[in-house]
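So the chains spell out like this:
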Amino acid sequence: MNWKDKHNLFFKLLRLHFGLALYSIGLTLGIQANIGLAPWEAFGIGVSYVTGLTYGTINVLSGLLILVVTVAMGERFGLGTILNAVLIGFGVDVLQYYHAVPLIENYWLGIIVMFLGQFSISLGTYFYISAGLGSGPRDSLMIGLKRRLPKVPIGMIRGLIEGSVLLAGWLLGAKVGLGTIIAAFGISTILQLTFNWLHFDAKSVQHEGIWQTLGLSLIHISEPTRPISIS
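Report on the accompanying structure. (Residues numbered from 1 in each chain as written. Predicted model: local features only at pLDDT ≥ 70, side-chain atom pairs only at ≥ 80, totals over all residues. Heavy atoms only, no water.)

1. Concerning helix α7 (residues 154-171)
Point 1. Here α7 is 18 residues long and its end C-alpha atoms lie 26 Å apart, about the 26 Å a rise of 1.5 Å per residue gives.
Point 2. Along α7, the residues that are buried comprise Ile157, Ile161, Val165 and Gly169. Each buried residue of α7 sits inside an arc of 100 degrees when the element is viewed along its axis, so together they form one side. Residues of α7 that are exposed and angled more than 90 degrees away from the buried face: Gly155, Leu160, Trp170 and Leu171.
Point 3. Packed against the buried residues of α7 are α2 (39-51) and α6 (137-148).
Point 4. One or two positions beyond α7, positive phi appears at Gly173, with a value near 105 degrees. (Helix = DSSP H or I, 4+ residues; strand = E, 2+ residues; numbered from the N terminus. Expected span 1.5 Å × (residues − 1). Buried < 20%, exposed > 50% of the residue type's maximum accessible area, 1.4 Å probe, protein only. Arc of directions from axis to C-beta. Contact = heavy atoms within 4.5 Å.)

2. Comments concerning the packing of aromatic side chains
Point 1. Counting across every chain of the model gives nine aromatic pairs.
Point 2. Both rings, one in Phe119 and one in Trp197, keep their centres 6.4 Å apart while their planes meet at 40 degrees; by these two values the pair is tilted. Separated by 78 residues along the polypeptide, Phe119 in helix α5 (residues 107-130) and Trp197 in helix α8 (residues 178-197) bring together distant segments of the chain.
Point 3. With relative accessibility at 55%, the residue Trp197 sits in the exposed group. (Phe/Tyr/Trp six-rings, centres within 6.5 Å; stacked < 30°, edge-to-face > 60°.)

3. Points about the environment of Gly173
Point 1. You can see Gly173 is positioned in the loop between α7 and α8.
Point 2. Along the sequence, Gly173 and Val47 sit 126 residues apart, while their C-alpha atoms lie 8.7 Å from each other.

4. Side note on unusual backbone geometry
Point 1. Phi is positive for Asn34, which is not a glycine, with a value near 65 degrees.
Point 2. With respect to the element layout, Asn34 can be found in the loop between α1 (3-32) and α2.
Point 3. Residue classification places Asn34 among the partly exposed positions, given a relative accessible area of 25%.
Point 4. Even without glycine at this site, His199 takes up a positive phi of about 55 degrees.
Point 5. Looking at the secondary structure, you find His199 in the loop between α8 and β1 (206-207).

5. Here we look at the pattern of salt bridges
Two side chains of opposite charge can pair, provided their charged atoms sit close to one another.
Point 1. Summed over all chains, the structure comprises four salt bridges.
Point 2. One salt bridge connects Arg147 with Glu75, and the closest N-O pair in it is separated by 2.9 Å. Remark: Glu75 occurs in the loop between α3 (55-72) and α4 (79-97) and Arg147 occurs in helix α6; sequence separation between them is 72 residues.
Point 3. A relative accessible area of 40% places Arg147 in the partly exposed class.
Point 4. Judged by relative accessible area, Glu75 falls into the buried class, the value being 10%.
Point 5. Glu75 serves as the salt-bridge partner of Arg148, at 3.8 Å between the closest nitrogen and oxygen. With a gap of 73 residues between them, Arg148 in helix α6 and Glu75 in the loop between α3 and α4 connect regions that are remote in the sequence.
Point 6. Among the charged side chains, a network of salt bridges with common partners joins Glu75, Arg147 and Arg148. (Salt bridge = Lys/Arg side-chain N within 4 Å of Asp/Glu carboxyl O.)

So, in structure tokens, the structure goes:
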């Protein structure tokens, strides 16, 4: 890996980490809004109630498990995929440990905080995707299932995944409410508005596989770069 590649990788990693930090902040805001959890947050909180592990730990473990499944399915993964699986959950735990965001007791203020969280997630998604270092484990799972079920709409696949984890979280005692609806349906609109505001097309990003990022061409890995669509 020459100096130019190292220089580019440094700024890609800086962009990636900033995006993951914003994502962690957004998730924390959504949890502390106290008006209902998004599907994956409901799953993580529900499992934490049963196991006693922190939300962040559950997030990391589930992300790594999904990563193993997607690799077994033959999906590519990047350095960003691994960092996504580990750092977002860790970031939420740090913010929760230091009580960076208080639990919101006012319902209307909770709605505002939930929307702020969704915007933070959308902005974090922009930085994280534009780094081009690989999609997150949950996005990779969705893409992997789509490749194997080409006749099933991507929206239906995503809906089945998130519906399943939401049901599991709810059965385990996680709070479901208006925030769940905002997270499930509002995020797509907020994400699109954010991307339009930033003039960003996620489908144009060419994501690198981990070997390409690390420059391990010496072991003759010549896998071509291909776009990974995140819907």
